[in-house]
Protein chains: 2
Amino acid sequence: MNFHEQAVELVKKMTLEEKMGQLRYDAPAIEKLGVPAYNWWNEGLHGVARSGTATVFPQAIGMAASFDPDLLWCVAEAISTEARAKYNGYKQFGSTGIYQGLTYWSPNINIFRDPRWGRGHETYGEDPYLTGSMGRVFIEGLQGDDPTYRKLDATIKHFAVHSGPESTRHEADVEIDRETMDDTYLWAFRYCIEHADPSAVMGAYNRVNGEPCCGSETLLKKILRDEWDYRGYVVSDCGAINDINEHHHVTFTKAESAALALNNGCILNCGFAFRSLQDAYDQGLVSEETITNACVKLFEARFRLGMFANDCPYDSIGPEVIECEAHRALNRRMAEESIVLLKNDGILPLREAKTIAVIGPNADALDVLLGNYNGYPSRYSTFLRGLQDNFDGDVIYSKGCHPFIDAAQNPWMEDLTREAVLAAKRADVVIMFMGLNPSMEGEEGDAYNGHNAGDKADLQLPPSQKRLWKAVRATGKPIIFVNVSGSAIDLREQEKGAAALLQCFYPGAEGGEAMARVLLGKVNPSGKLPVTFYRSEEDLPPFDDYHMEGRTYRFFKGEPLFPFGYGLSYTSFEVGNVHRGFENEISLSVKNTGSYDGMGTVLVYVKSDSRPELNKQLAAYRKTFLKKGEEKTLTLELCPEILERIGEDYEIIAEI
Amino acid sequence: MNFHEQAVELVKKMTLEEKMGQLRYDAPAIEKLGVPAYNWWNEGLHGVARSGTATVFPQAIGMAASFDPDLLWCVAEAISTEARAKYNGYKQFGSTGIYQGLTYWSPNINIFRDPRWGRGHETYGEDPYLTGSMGRVFIEGLQGDDPTYRKLDATIKHFAVHSGPESTRHEADVEIDRETMDDTYLWAFRYCIEHADPSAVMGAYNRVNGEPCCGSETLLKKILRDEWDYRGYVVSDCGAINDINEHHHVTFTKAESAALALNNGCILNCGFAFRSLQDAYDQGLVSEETITNACVKLFEARFRLGMFANDCPYDSIGPEVIECEAHRALNRRMAEESIVLLKNDGILPLREAKTIAVIGPNADALDVLLGNYNGYPSRYSTFLRGLQDNFDGDVIYSKGCHPFIDAAQNPWMEDLTREAVLAAKRADVVIMFMGLNPSMEGEEGDAYNGHNAGDKADLQLPPSQKRLWKAVRATGKPIIFVNVSGSAIDLREQEKGAAALLQCFYPGAEGGEAMARVLLGKVNPSGKLPVTFYRSEEDLPPFDDYHMEGRTYRFFKGEPLFPFGYGLSYTSFEVGNVHRGFENEISLSVKNTGSYDGMGTVLVYVKSDSRPELNKQLAAYRKTFLKKGEEKTLTLELCPEILERIGEDYEIIAEI
């Protein structure tokens, strides 16, 4: 019997009530059938999350900055290995609770269309192709390559047209045309489904053109099932089905919401709405057949994960893999590749300095290593610790200020500005670790920035940090400024005033070690921005506007501070000799023209007069290692699904 | 001219308004006289606090547990050296702001009469003599031994009869008899004033017998000035003078409060009440002479600190002393001596284990190292890190639970109980780091435990931790339980179920390293409890009752879980041959009868039939190193100020 047949056989033995229970994220045990309780909710954006000790890799936005899908596949493979090890432990208890299972609600492949979105750092940035290609390998790494069993279920989320504001997500109705959806918001979903077969899709909280995503006939039936022929399961975001009546007011009762979701194909409920399925059934709103089919589909997934098998090869993975040396090394490598060098007047790599002052509220902070949806590392390296462990000279530390509370507003609060200035004066070079933290940008209810519900009101550094920057800047000491954040910040002042400027997305447990190795030249930086760094929020359309005009490198007509794809190296590269080859293939040559070995990433854009509103569009990229002076010819394939949206008459722009 | 005369000369040149301004904690500059702005507020309970990077020593209660005044003197000396280094930096800015000066509002020598008091960990515990003798050396170490200049001003606080509840401190009126005050609440103040000459005394928030402490004729004039002949200055706790009209309702206006305080000798105002001194003067409530005399006294203190001198030897202390290697080593030593071994079935020191599981929310937490009123260490060792760095075998980590939020109450929260159980099952030995943290016990407005205003409602571990304990206990693995807290906790379950039990007060930046060295036998534990560990809150009188009946080892008639002075060693000691000598001297012999070298602390109590309510009273103690088998004869002096309260006919009880 195949998994479907096994599921059919099993579900046949269930009562209606039992079947309805199995559509809940916290599916209860059915003891007579040997079905243990199973909680479907698991998170693993950048490491097994909320399940205790795990390798905490850089946040997704940082892994996107690596532009290294091969490395991301390795990370996803490590995550699924650790997840299996944990599951194998937990199942010994006879059931698996929340964050103890095999069905992962990652990756987040929403388009980071506005830098104010608090959850943007969970994504792979603003570009559809980068998002789709990174999402694809992440799914593949999670789901494994066993011919019989899935290693984990990956879930792409949030379907669809979801990227803030967090404050209105439970009631917002996004009006958007199908063209923009296909071009931007749906592109990566379709791409991942076609290329990586994710087990599941998660419906978003919001409405799209009047229909709540988790009960949308257009999204779930017309597009996902009929147009894309998707055969996986759809799970609701947590509480999203309740929102349909409580906040969207599209239905009147929970029973109606549950029926709307289930009838349209959202068959697994995170939240409590499906507890009203009995009511819905009694009212004739949903049929037993629909319930049965949903239940079969979910059990097919569980059979495919080997939950009821005794020959699943992943059952032998033991806890020794969790945070093993190989995963630590991989983590450090990904952290290194995620760091983006934005400016360097020659001060980096740091060679001459004998004394450095390490200043800033993020210098010795753990939370900025972890991002959100994280596990706990048993060992980690803050930026300060990384420098202490790697720099041969003296390291002077001053926290400098609170991340966001300004001492100038409270006469009894400690004000460390002067300490920071004194530290700077004693040093040859100042390294400032500033920016945001996950309490300042994140998910509604998870980040704690008050009325913004996790979003950013603007792109500014907090006043406390602006004050610190000015004071340290006034010392005249050369400053290496490291902005730590999950999103674009207005860094105009630092771009002018700092000797070197780096962007570090929440970098994981090895972040400090990786940063030290980059700053000290043990590693040549190779990250590139997966999002546009605008000059300020004034350059942006209203946050709640989902039209793409004026957003992202594709449609923004202004001058960004740092464009998408920007990122310097200690060496220099040239790209040339672009030739079109067979079908969508192109060849080009890349050369390391500088004096350091390093990894260069060629970004290949297409552009067409048939779409004048579109500045250009990423269609291929390749990261490659080049020794100094080395030249290589690379062959790349332009993504056909990008080309089909551009037309046949396109121009190719290769950048490195 | 001596300092007094210099102060008189300087103050003569000031206008009345200028003089009034100088009685504020944030004294403004008087440019025409070359007087820079000076903020009197500084904190240094266990390291320079709120002024950035500093050596963070164990919290005061932990240093009391060392019973090692010689070592505490060294700590205070290190603190004052770092404070001077900071001041020397800050004064280059032409003024010194809050937490940048030389007038330290430490130590806190209140009696920790009830374990529910949130600020109890700032004190030296429940015993007057231990508190007085530790306070004395702390003051000496802060104030230095230069024949001309004071290194820092030490301030003993909070005068008087102050030890919670935090929630009512601004309006509470403590009814208490003079005998209890002299015997308990005032004893250490008088002792420190007589033996160590602290520069300042801080008035408390509360009232005593109807009089607000900061405006109390009884406390400030009758007792402090007339009876004790104290000639230092009195500063108000912050906002305490405003409380006189706003919360105590003893006066009607700020001006009246300011006058009441100043006229009774509280001459320096932390807060804003003295901004109403002009009103008070205009209303005839305070004379210019009183203002002038106060101003002279404060400038005498500033001259004595060398603020206007060019020959002050402390001016040459540079920033390299901050967190220097010597201070780190001293810090580790103090942390080691502060750890109290409460039970050991022989599992410690840890020798056989190949794999240990480190479990608990305090295992890798930074906040429990720091306590409150802290600086920031640039390097620190959590308990987990300390074991990873020192243990040769495998270390498995599980956080286990949130310090106080119970996952059982929130179905979407991570529940790490099973992870902890799995970790325990893989290990030979489990080490649990549990207890409280400074957000759960601390000062009103500083600790964040809701309606308790920093106090503890009871002596219980939080439900989240009780649940974790039970689950790990059920594995049957041997558990070494480390309770981390600043106060007594009901540890009955652990005393029964753990193979070893330790109390670690908030241990400072080297806490993890120190703990690992104790657990692994590189150091023999030598701390002793400076407070009684009761069986439960049910054994205690009401929290707001200041009578001593039923409180502390001196008056508690029940059976404590662990008594004051309790603390085991890896070796065993015997004390004997107690002989009275000349005047208050006694001699006794101590012997190390076990198989490890180690430090033993003999505690000498007195007891008299003339005070039947008093169980016994500490009158001397001595910590001494003894090699295994070694025997020594020690000569100690029984404290005369204790004996005078006991009468001539007393019994001597020596314990070790």
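Before reading on, note that the structure itself is shown above.
To start, this report covers the structure provided alongside it. (Residues numbered from 1 in each chain as written. Chains lettered and ligands numbered in written order. Predicted model: local features only at pLDDT ≥ 70, side-chain atom pairs only at ≥ 80, totals over all residues. Heavy atoms only, no water.)

### Here we look at the relation of the copies chain B and chain A
- For the pair chain B and chain A, the best superposition has an RMSD of 0.0 Å and corresponds to a rotation of 180 degrees with a translation of 0.0 Å parallel to the axis. Accordingly, the operation relating the two chain copies is best matched by a two-fold axis. Rotation axis and chain B: the residue whose C-alpha lies nearest the axis is L366 of chain B, separated from it by 4.9 Å. (Least-squares fit on C-alpha atoms with pLDDT ≥ 70 in both.)

### Here's the deal with the pairing of strand β12 (residues 355-359) of chain B
Residue and element names in this part refer to chain B.
- Of all five residues making up β12, five are buried, and the element is well covered by its neighbours.
- Of the two faces of β12, the one carrying T355, A357 and I359 and the one carrying I356 and V358 are both buried.
- Both β12 and strand β14 (residues 429-435) contribute to a ladder of four bridges, which runs parallel. Pairing of A357 across the sheet is with V430, part of β14. (Buried < 20%, exposed > 50% of the residue type's maximum accessible area, 1.4 Å probe, protein only. Helix = DSSP H or I, 4+ residues; strand = E, 2+ residues; numbered from the N terminus. Pairing = 2+ DSSP bridges.)

### Observations regarding the state of the cysteines
Residues and elements named next belong to chain A.
- Within this structure, the stated rule accounts for two disulfides over all chains.
- The residue that forms a disulfide with C238 is C270, at a sulfur-sulfur distance of 2.0 Å. Since a negative S-S torsion denotes a left-handed disulfide, the C238-C270 link at about 95 degrees is right-handed. Of this pair, C238 sits in the loop between β9 (233-236) and α9 (240-246) while C270 sits in the loop between β10 (266-268) and α11 (277-282), and the two are 32 residues apart along the sequence. (Disulfide = S-S within 2.5 Å.)

### Observations regarding the interface of chain B and chain A
- Across the boundary between the two partners, chain B contributes 47 residues, which contact 47 residues of chain A.
- A combined buried area of about 4100 Å² lies between chain B and chain A, and 50% of that area is made up of carbon and sulfur atoms.
- Applying the counting rule to chain B against chain A returns four salt bridges.
- K86 of chain A is the partner of E419 of chain B in a salt bridge, and the nearest nitrogen-oxygen pair spans 3.2 Å.
- Across the chain B-chain A interface, the total number found is 25 residue pairs in polar contact (both at pLDDT 80 or more).
- Broken down by element, the residue count for the side of chain B that touches chain A peaks at five residues, all from helix α16 (residues 417-426) of chain B.
- Class assignment of the residues belonging to the side of chain B that touches chain A gives a composition of 20 nonpolar, 14 polar and 13 charged. (Contact = heavy atoms within 4.5 Å. Buried area = accessible area lost by both parts, 1.4 Å probe. Salt bridge = Lys/Arg side-chain N within 4 Å of Asp/Glu carboxyl O. Polar contact = N/O pair within 3.5 Å; in protein donor to acceptor, adjacent residues only side chain to side chain. Nonpolar A, V, L, I, M, F, W, Y, C, P; charged D, E, K, R; others polar.)

### Digging into the sheet that holds strand β20 (residues 617-626) of chain B
All names here are of chain B.
- Pairing is antiparallel in the open sheet, where three strands are placed in the order β20-β19-β22. The outermost strands of the open sheet, each flanked by one partner alone, are β20 and β22 (651-655). Each strand axis lies, on average, 20 degrees off the axis of its neighbour in the sheet, ignoring direction.
- Bridging between strand β19 (residues 598-607) and β20 involves nine bridges; their strand directions are antiparallel. If you follow V606 over to β20, its bridge partner there is Q617. (Axes fitted to C-alpha atoms, helices over the stretch in contact; angles between N-to-C directions.)

### Concerning unusual backbone geometry
All names here are of chain A.
- Omega for the bond connecting S106 with P107 falls within 30 degrees of zero, at 5 degrees, which places this linkage in the cis form.
- As for its position among the elements, P107 is in the loop between β3 (103-104) and α5 (128-143).
- At the junction of L348 and P349, the peptide bond is cis and its omega measures out at -5 degrees in the coordinates.
- By the secondary structure assignment, P349 is in the loop between β11 (340-344) and β12 (355-359).
- The backbone phi angle of F67 is positive, close to 50 degrees, even though this residue is not glycine.
- You can see F67 is positioned in the loop between α3 (60-65) and α4 (69-90).

### A short note on empty space enclosed by the protein
- Throughout the structure, instances matching the rule amount to five cavities of 30 Å³ or more.
- Of the volumes computed, that of the largest cavity is approximately 150 Å³.
- As for the largest cavity, its lining consists of 18 residues, and the residues nearest its centre are Y380 and R385 of chain A together with Y380, T382 and R385 of chain B.
- Broken down by secondary-structure element, the contributors of at least two residues to the lining of the largest cavity are α15 (383-390) of chain A together with α15 (383-390) of chain B.
- A per-class count over the lining of the largest cavity returns four nonpolar, eight polar and six charged.
- By volume, the second largest cavity is sized at about 50 Å³.
- For the second largest cavity, the full set of lining residues is F112, R113, D114, P115, E126, S487, A488, V531, T532, Y534 and T552 of chain A. (1 Å grid on protein atoms, 1.4 Å probe; cavity = no way out; pocket = protein on both sides within 12 Å on 5 of 7 lines; lining within 4 Å. Points joined across faces, edges and corners; volume = space filled by probe spheres on them.)

### Side note on the packing of α15 of chain A against helix α19 (residues 511-519) of chain A
Residues and elements named next belong to chain A.
- Close contact between α15 and α19 brings their axes to 7 Å; oriented N to C, the two are set at 55 degrees. It follows from the interaxial angle that α15 and α19 lie oblique. The interaxial crossing formed by α15 with α19 has right-handed handedness. Here α15 contributes F383, G386, L387 and N390 to the contact with α19, which in turn contributes G511, G512, E513, M515, A516, R517 and L519.
- Looking at the contact of α15 with α19 residue by residue, the classes come out as five nonpolar, four polar and two charged. (Parallel < 35°, antiparallel > 145°, perpendicular 65-115°, else oblique. Left-handed = near helix turned anticlockwise from the far one by under 90°.)

### A short note on the packing of aromatic side chains
- The final tally for this structure, using the stated rule, is 58 aromatic pairs over all chains.
- One residue, K157 of chain A, lies across the ring of Y373 of chain A, its end atom 5.2 Å from the ring centre. (Phe/Tyr/Trp six-rings, centres within 6.5 Å; stacked < 30°, edge-to-face > 60°. Lys NZ or Arg CZ within 6 Å of the ring centre and 35° of its normal.)

### With respect to the sheet that holds strand β15 (residues 479-484) of chain B
Residue and element names in this part refer to chain B.
- In spatial order, the strands read β11-β16-β15-β14-β12-β13; together these six strands make up an open sheet with mixed pairing. A strand with exactly one partner marks an edge of an open sheet, and here the two such strands are β11 (340-344) and β13 (394-398). The mean angle between the axes of side-by-side strands here comes to 15 degrees, regardless of whether they run parallel or antiparallel.
- Each of β12, β13, β14, β15 and β16 (500-504) touches α15; the most contacted strand, β13, lies at about 165 degrees to it.

### Overview of a negative patch on the surface
- On the surface, D609, E648, D649 and E651 of chain A cluster together into a patch of negative charge.
- A relative accessible area of 73% places D609 of chain A in the exposed class. (Patch = residues over 30% accessible without salt bridge, like charges linked within 9 Å, V, L, I, M, F, W, Y side chains within 5 Å. Areas by Shrake-Rupley, 256 points an atom, 1.4 Å probe, with all protein chains shown as cover. Lys, Arg positive; Asp, Glu negative; His and termini not counted. Charge placed at Lys NZ, Arg CZ, Asp CG, Glu CD.)

### What about the environment of S378 of chain B?
Residue and element names in this part refer to chain B.
- Tracing the backbone through its elements, the reader meets S378 in the loop between α14 (367-370) and α15.
- For S378, a relative accessible area of 8% corresponds to the buried category.
- Among the polar contacts made by the side chain of S378, one reaches the side chain of E323 at a distance of 2.6 Å.

### A few points about the pairing of strand β4 (residues 153-159) of chain B
Residue and element names in this part refer to chain B.
- Counted residue by residue, β4 has seven buried out of seven residues, so it is predominantly covered.
- Pairing between strand β3 (residues 103-104) and β4: two bridges, direction parallel. In the sheet register, Y104 faces β4, and the bridge partner there is A154.
- Once the chain exits β3 it traverses helix α5 (residues 128-143) before rejoining the sheet at β4, and the crossover so formed is right-handed.
- Where β4 meets strand β6 (residues 200-203), three bridges bridge the pair, whose relative direction is parallel. If you follow I156 over to β6, its bridge partner there is V201. (Right-handed = clockwise from strand over helix to strand, strands pointing away.)

Honestly, that's just the spatial picture; any functional story needs more than this.
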